[in-house]
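So you can see what is in the structure, the chains are spelled out below.
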Amino acid sequence: MNKHLKMYAPFLLLVGFAVVALVSVTRPSSPAPAPSPTRALIMALAPPSPTNVLLNAAGATFPYPIYSQWFDVYHQLHPDVEINYQSIGSGGGIQQLKAGTVDFGASDMPLNDKLLATFSFKIIQFPTVLGAVMPTYNIPGVTATLNFTPQSLAGIYLGQITKWNDPAIAKANPGVSLPGNNIVVVHRSDGSGTTFVWTDYLSKVSPQWKSRVGSNTSVNWPVGLGGKGNEGVTGIVKETPYSIGYVELVYALQTHLPYGTVQNSSGHFIKASLATVTAAAAGAAAKMQNDVRVSITNAPGANAYPICSFTYLLIPAHIADGTKRQIIKGFLHWMLTDGQKYTEPLAYASLPDAVAAIEMGHISEVN
Amino acid sequence: MAAGSRPPQAAANAKSFAARLRNGDEIAHLITLIFAALVCLIVGLLVFQLYRNSSVSRHQFGWTFFVSRAWDPVFGDFGALPFIYGTVVTSVLSLMIAVPLGVGGAIFLAEFAPPRLSDMLTFVVELLAAVPSVIFGLLGIFVVVPVMRTTVDPFLQKFLGYTPLFTGPIYGVGFLTAGVVLAIMIVPYILSVSREVLLAVPADQREAALGLGATRWEAIWQVVVPYAKTGILGSIFLALARALGETMAVTMVIGNDPKISASLLAPGYTIAAVIANEFTEATGKLYLQSLIELGLVLFIITVILNGLARLLILATTKGGTIQT
């Protein structure tokens, strides 16, 4: 027994040390306003480079194409600045911002007060571009563009309207012969800003939806199949006859999906396009004076598309590093002025001038 | 090492330790022991982290988490039952399809096929095991789902629709499709391992059976396969482990609807699929920790099933002789 103990003693010591080290490293650190130990370690290990500054950001996948172009163009304009953006999802961006591993985050969903309270530091939210969500469908034999009323969309997604030739849908589409087949509902299986916009709209137009399901990046869908990502929803809709799903404007335009019109609060059936989305945001400026977290779904305006929203950059109000603070403020300024030129070619709607002006005023709050 | 000032016995021990060290035995023993223990340590740490990071949801829901059907991120109510059901159903279904195919194929390749054909076909089957699972998912969406929706599901519903297993609307995606895709993925594991094990059965076993008057098939089914039973069972449980944890292929073909239904044609959800879908965007501690608790549940299911496997192997090979 003694012999075995002597033989295993060094090994046991090694294992014991490994356990202690690993447990102490993985123990959750107490909430601290300073940069996390992980980041401090990374900064310490990185070679000192007075001319090149690297900023890290993470968050929403929806605006990733425009963000990646912006950061690339900004790097060409300021070669000593490099911004690295990882599109891991809005939730991931929020988590990483909270943990201090990124300099700023991005989220499709504006952070409400409850979520902001979980942060140990103040966040300022900057809307960057606009996105729209539209209903896409696959009905064999129907090539016309269908009109959808808010009640029909809510009814379909609540599972109450089950057939395509239901009066609620047929009434808005006179002259289109709709089949009597069951509607196959398709929604997102992953959490997403697209879902947030869609459910936010349904919550506004249907009190039953609001009380039963609510709005979030991920909800408890009453009916329907789940597809992963916009491409998952499209795949299922394309392959399944008599199905309906919802996708981002950018996505639908680029993949040439048939999509329907939605009736806005003025009663007109509007097809989503860059112009109608910008129209929806135009009236929002007045409400954004005090709080930029304005929901623009079901916005007033004769030509406004009812299902759209801003996507936000989440900037810490206090940035200790002076160089980084200047860079972020400079980027925000550029983004609100020259940056908006790059949105249209990528099928994102740019911010209305009034909204950009309001945000300019907020840049000074970053100190 | 100075042996002079030490008591004789310690000197003798020290010398033998040093001698063994020089021989390399001790070092080899220690190093391989460390490697093995590191693996155990990793597993232990994994479970520890899953347990610790699900503390909020465990305290909130307790044991009702295992029986609750809710999954509502908006109102903060989470339950594991639909996911447990989906995971178990798709895995069992895939085994039901894959085991006859895999074991039957292995028997053919080991016993009936000419050696060159056997080697070639085994190579092709093992290629199937090397295909990434997301490719199977794409294969599922673009090939399997349409076939299921247009041909197989209506056929099953027409002839077996009186059973509760094949009722309801036909989407193409669902438990059955997921089971089929999983079966395609796990057949190579069963087939290649079973073939190896069957080939390793000593020739005298076959010869003895044939010598006693058995036909070729009787010799294989009643003598060779039971001899190789442990290995075949092992391959089946390896395949089951893969099926339980399979994520991407399943999430693309199962419909992602957290509901329990008796019908195999209905959409469902598995633990691995929901974690993959919702983890990156989950905000809020309860939501995140519920997903982590689901991971812990999957781990527990795997442990239970592996434990059952061990018991089954113990029971059928007790006494050391072939059980018929």
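Predicted model only: the values in this text are computed from it and were never measured.

**Q** Would you take a moment to explain the interface of chain A and chain B for this structure?
**A** Accessible area lost upon the coming together of the parts serves often as the stated size of an interface. Each partner contributes to the interface: chain A provides 31 residues, whereas chain B provides 30 residues. Residue composition of the side of chain A that touches chain B, by class: 11 nonpolar, 17 polar and three charged.

**Q** I would appreciate a short explanation of helix 12 (residues 274–282) of chain A in the present structure.
**A** The periodicity of an α-helix, 3.6 residues per turn, causes residues three or four places apart in sequence to face the same way. Turning to helix 12 of chain A, its buried residues number three or more, namely A:Thr276, A:Val277, A:Ala279, A:Ala280 and A:Ala281. The inward-facing, buried residues of helix 12 of chain A contact strand 4 (123–138), helix 11 (249–255), strand 10 (269–270), strand 11 (308–316) and helix 14 (353–363) of chain A.

**Q** Would you mind going over the environment of A:Asn181 with me for this structure?
**A** Note that A:Asn181 resides in the loop between helix 7 (167–172) and strand 6 (184–188). Judged by the 16 C-beta atoms lying within 10 Å of it, A:Asn181 falls in the partly exposed class.

**Q** Before we go on, may I ask you to explain the sheet that holds strand 10 of chain A in this structure?
**A** In a beta sheet, neighbouring strands pair by backbone hydrogen bonds and run either parallel or antiparallel. Residues and elements named next belong to chain A. Taking strand neighbours across the sheet as the criterion, the three strands line up as 5-9-10 in an open arrangement whose pairing is mixed. The sheet terminates laterally at strand 5 (147–148) and strand 10, the two strands that pair on one side only. Where strand 5 and strand 9 (residues 261–263) come together, two bridges link them in parallel fashion. Pairing of Phe 148 across the sheet is with Val 262, part of strand 9.

**Q** Just to check I follow, could you spell out the domain arrangement of chain B for this structure?
**A** On domain assignment, one finds that chain B holds domain 1 (16–52) and domain 2 (58–318). Spacing between the C-alpha centres of domain 1 of chain B and domain 2 of chain B amounts to 33 Å.

**Q** Help me understand the sheet that holds strand 3 (residues 104–107) of chain A, please; the structure alone is not making it clear to me.
**A** Residues and elements named next belong to chain A. Read across the sheet, eight strands follow the order 2-1-3-11-4-8-6-7 without closing on themselves; strand pairing throughout is mixed. Edge positions in the sheet fall to strand 2 (81–86) and strand 7 (225–227), since each has one partner strand and no second. Neighbour-to-neighbour, the strand axes of this sheet turn through a mean angle of 25°, independent of strand direction. Here three bridges tie strand 1 (residues 53–59) to strand 3, and the two strands are oriented parallel to one another. Residue pairing across strands places Ala 58 opposite Gly 105, the latter belonging to strand 3. Along the sheet, helix 10 (residues 229–239) makes contact with strand 4, strand 6, strand 7 and strand 8 (243–248), crossing strand 8 at roughly 155°. Strands in contact with helix 12 are strand 4 and strand 11; relative to strand 4, the strand with the most contacts, it is inclined by about 135°.

**Q** It is not clear to me how the pairing of strand 4 of chain A should be interpreted in this structure. Could you clarify?
**A** Successive residues of a regular strand alternate their side chains across the two faces of the sheet. Residue and element names in this part refer to chain A. For strand 4, a buried count of 15 out of 16 residues is recorded, marking the element as mostly surrounded by other parts of the structure. Across nine bridges, the pairing between strand 4 and strand 11 is antiparallel. Within strand 11, the position partnered with Val 129 by the bridge is Thr 311. Here strand 4 runs beside strand 8; their pairing, made up of six bridges, is antiparallel. Bridge pairing in strand 8 links Asn 138 to Ser 243.

What counts as what
Residues numbered from 1 in each chain as written. Chains lettered and ligands numbered in written order. Predicted model: local features only at pLDDT ≥ 70, side-chain atom pairs only at ≥ 80, totals over all residues. Contact = placed C-beta atoms within 7 Å. Nonpolar A, V, L, I, M, F, W, Y, C, P; charged D, E, K, R; others polar. Buried ≥ 20, exposed ≤ 12 C-beta atoms within 10 Å, placed from the backbone. Helix = DSSP H or I, 4+ residues; strand = E, 2+ residues; numbered from the N terminus. Pairing = 2+ DSSP bridges. Domains from an automatic or database assignment. Axes fitted to C-alpha atoms, helices over the stretch in contact; angles between N-to-C directions.

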